[in-house]
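These are the residues of each chain, in order.
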Amino acid sequence: MTTAPLSRRAAPVPTVVDPSQGSAPGSAPGGLLARARGIRLSVPIDVIVSFAVVAVVLAFSLAPALFTSQNPAQGVPADKLQAPSAAHLLGTDHLGRDLFARIVFGAQSSVTSALVAVAIGVVVGGLIGLLAGFLGSWTDTVLARFVDVLLAIPAFLLAVVIVSSLGFQTINAAIATGVSAVAVFARVMRSEVLRVRSSVFVEAARLQGGSTLHVLFRHVLPNASRSLIPLAVLQFGLSILVIAGLAFLGYGDPPPASDWGLLISAGKDYPRAPWLVVWPALVTVATVLSINRISRWLRRTS
């Protein structure tokens, strides 16, 4: 008695999935929902407080007139150097100007200039790292040496040199801070591109006939740029600190501007009115620490 040979079935070919394109085709939505329900989302209290502090500072920068009716540039000479009271929550300066109003209106300049600095670092540095990591060869060598030169110069010193060349204004301080951050973004972006470039889904996209630009902007860039988000948040806080330091040294807008660094610089000349230094410094430190905490949380959860 002979038995018919068993037919051999071909092994299923695994499907290559690009992480940027979502779940694999044919996957059950119920399975994803079940896995999502199993994830416990918990935000630490200090992160919530940090978000609240950053939200208040952003509200100050967007609509300062909603938080105070005082004029930050004009004061009453008879009210000069008054301690914090019900009439002036954080006291007044040597010209009788309300310190709370000056801090609130100064947030607009500090936040805007920091955003400009981060935008310059992300765009320029990200582009350099993207081209260096994806093209390789002599392009990688030239761009890598350029980044090494930027990293060899202290960031604050480079910012001082640039703002001295451009002129003493807050926007120039923001540009100088952004240029000093280009090397950091370029280095991180290059390392991420090198990692993503050797992935299976990138090779599959090439084998399917994808052009270089299609592979670069459709597959490599979305997956490599994820690590830049926590870095950009961290750089945002660092930019506020650097721009405040430049304003403290006189490299920002001149008086009657109310940049936080300028407020600290003007207040140090009045040791009998410590609130002129304490409150702007506390606002600056609280903002930077909150942004740094959010950046660490994003890096941990990404």
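What counts and how
Residues numbered from 1 in each chain as written. Predicted model: local features only at pLDDT ≥ 70, side-chain atom pairs only at ≥ 80, totals over all residues. Heavy atoms only, no water. Helix = DSSP H or I, 4+ residues; strand = E, 2+ residues; numbered from the N terminus. Buried < 20%, exposed > 50% of the residue type's maximum accessible area, 1.4 Å probe, protein only. Core = buried A, V, L, I, M, F, W, Y, C linked by side-chain atoms within 4.5 Å. Contact = heavy atoms within 4.5 Å. 1 Å grid on protein atoms, 1.4 Å probe; cavity = no way out; pocket = protein on both sides within 12 Å on 5 of 7 lines; lining within 4 Å. Points joined across faces, edges and corners; volume = space filled by probe spheres on them. Nonpolar A, V, L, I, M, F, W, Y, C, P; charged D, E, K, R; others polar. Expected span 1.5 Å × (residues − 1). Axes fitted to C-alpha atoms, helices over the stretch in contact; angles between N-to-C directions. Parallel < 35°, antiparallel > 145°, perpendicular 65-115°, else oblique. Left-handed = near helix turned anticlockwise from the far one by under 90°. Salt bridge = Lys/Arg side-chain N within 4 Å of Asp/Glu carboxyl O. Phe/Tyr/Trp six-rings, centres within 6.5 Å; stacked < 30°, edge-to-face > 60°. Patch = residues over 30% accessible without salt bridge, like charges linked within 9 Å, V, L, I, M, F, W, Y side chains within 5 Å. Areas by Shrake-Rupley, 256 points an atom, 1.4 Å probe, with all protein chains shown as cover.

Asker: So what about the overall build of the protein chain? Which residues, and what values?
Answerer: Looking only at helices and strands, one finds 12 helices and zero strands in the protein chain. Scored against the burial criterion, the 302 residues of the protein chain give a buried share of 40%.

Asker: Break down the nonpolar core for me, with residues and values.
Answerer: A general feature of soluble globular proteins is that nonpolar side chains tend to end up buried together. Counting residues in hydrophobic clusters, the biggest one holds 37 residues, and the most contacted among them are Val-193, Val-220, Phe-236, Ile-240 and Trp-260. The dominant element in this core, judged by the number of residues it contributes, is helix H3 (residues 99–135), at 10 residues. With residues up to four places along the chain from it excluded, the contact list for Phe-236 reads Val-111, Ala-114, Leu-115, Val-118 and Ile-291.

Asker: I'd love a proper account of empty space enclosed by the protein, names of residues and values included.
Answerer: Under the counting rule described, the total for this entry stands at one cavity of 30 Å³ or more. The space that makes up the largest cavity amounts to roughly 40 Å³. In terms of lining, the largest cavity is formed by Ser-110, Ile-240, Ile-243, Ala-244, Ala-247, Asp-259, Trp-260 and Gly-261. Listed by contribution, the elements that provide at least two residues to the lining of the largest cavity are helix H10 (228–248) and helix H11 (260–267). In terms of residue count, the dominant contributor to the lining of the largest cavity is H10 (four residues). Taken together, the residues of the lining of the largest cavity break down into five nonpolar, two polar and one charged.

Asker: Residue-level account of helix H6 (residues 170–180), with values.
Answerer: By the criterion of burial, H6 is predominantly enclosed, with eight of the 11 residues buried. Those residues of H6 lying buried are Thr-170, Asn-172, Ala-173, Ala-174, Ala-176, Thr-177, Gly-178 and Ser-180. On its buried side, H6 packs onto H3, helix H5 (155–166), helix H7 (182–197) and H10.

Asker: Please give an account of H5 that cites residues and values.
Answerer: Given a rise of 1.5 Å per residue, 12 residues ought to cover 16 Å, and the 16 Å separating the end C-alpha atoms of H5 matches this to within 8%. Of all the positions in H5, only Leu-158, Ala-159, Val-160, Ile-162 and Val-163 are classed as buried. Once H5 ends, the next one or two residues include Gly-167, with phi positive near 125 degrees.

Asker: How would you summarise the side chain of Ser-290 if you had to cite specific residues and measurements?
Answerer: With respect to the helices and strands, the residue Ser-290 is situated in helix H12 (residues 275–301). Using a relative accessible area of 7% as the deciding quantity, one classes Ser-290 as buried.

Asker: For the packing of H6 against H10, give the residues involved together with the corresponding values.
Answerer: The interhelical angle for the contact between H6 and H10, taken along N-to-C directions, is 130 degrees, at an axis separation of 10 Å. With respect to H10, the element H6 is oriented oblique. Where H6 crosses over H10, the two elements pack in a sense that is right-handed. Seen from H6, the contacting residues are Thr-170, Ala-173, Ala-174 and Thr-177; seen from H10, they are Ser-239, Val-242, Ile-243 and Leu-246. For the contact of H6 with H10, the residue count by class is five nonpolar, three polar and no charged.

Asker: Can you tell me about the pattern of salt bridges, naming the residues and giving the values?
Answerer: Counting across every chain of the model gives six salt bridges. For Arg-195, the salt bridge is made with Glu-192, and the minimal N-O distance between the two is 2.6 Å. Separated by three residues within a single helix, Arg-195 and Glu-192 lie in helix H7, roughly one turn from each other. In this structure Arg-195 comes out as partly exposed when scored by relative accessible area, which is 46%.

Asker: Would you mind going over the packing of aromatic side chains in detail, with residue names and values included?
Answerer: Enumeration according to the criterion identifies four aromatic pairs in this entry. With centroids separated by 4.8 Å and ring planes inclined at 85 degrees, the aromatic side chains of Phe-60 and Phe-67 adopt a geometry described as edge-to-face. When its relative accessible area of 12% is taken as the criterion, Phe-60 is described as buried. With a relative accessible area of 38%, Phe-67 lands in the partly exposed category. Taking 6.3 Å as the distance between ring centres and 90 degrees as the angle between the ring planes, the aromatic pair formed by Phe-60 and Phe-100 counts as edge-to-face. Pair noted here: Phe-60 is in helix H2 (residues 45–62) and Phe-100 is in helix H3, with a separation of 40 residues, a long-range link.

Asker: Which residues make up the environment of Gly-178, and what are the values?
Answerer: For Gly-178, the position within the fold is in helix H6. Distance from Gly-178 to Ala-114, taken between C-alpha atoms, is 8.4 Å for residues 64 residues apart in sequence. Those residues in contact with Gly-178 that lie beyond four places of it in its chain are Ala-117, Ile-120 and Gly-121.

Asker: Got a sec to walk through a nonpolar patch on the surface? Specific residues and values, please.
Answerer: Together, Val-43, Ile-45, Ile-48 and Val-49 line one region of the surface with nonpolar side chains, adding up to about 360 Å² of accessible area. One can find Val-43 in the loop between helix H1 (29–37) and H2.

Asker: Describe unusual backbone geometry, with residues and values.
Answerer: For the peptide bond that leads from Pro-255 to Pro-256, omega is 10 degrees, which places it in the cis range. A positive phi is found at Leu-81, a non-glycine position, where the angle reads about 55 degrees. When you line up the elements, Leu-81 lands in the loop between H2 and H3.

These results come straight from atomic positions and should not be treated as a statement about function.
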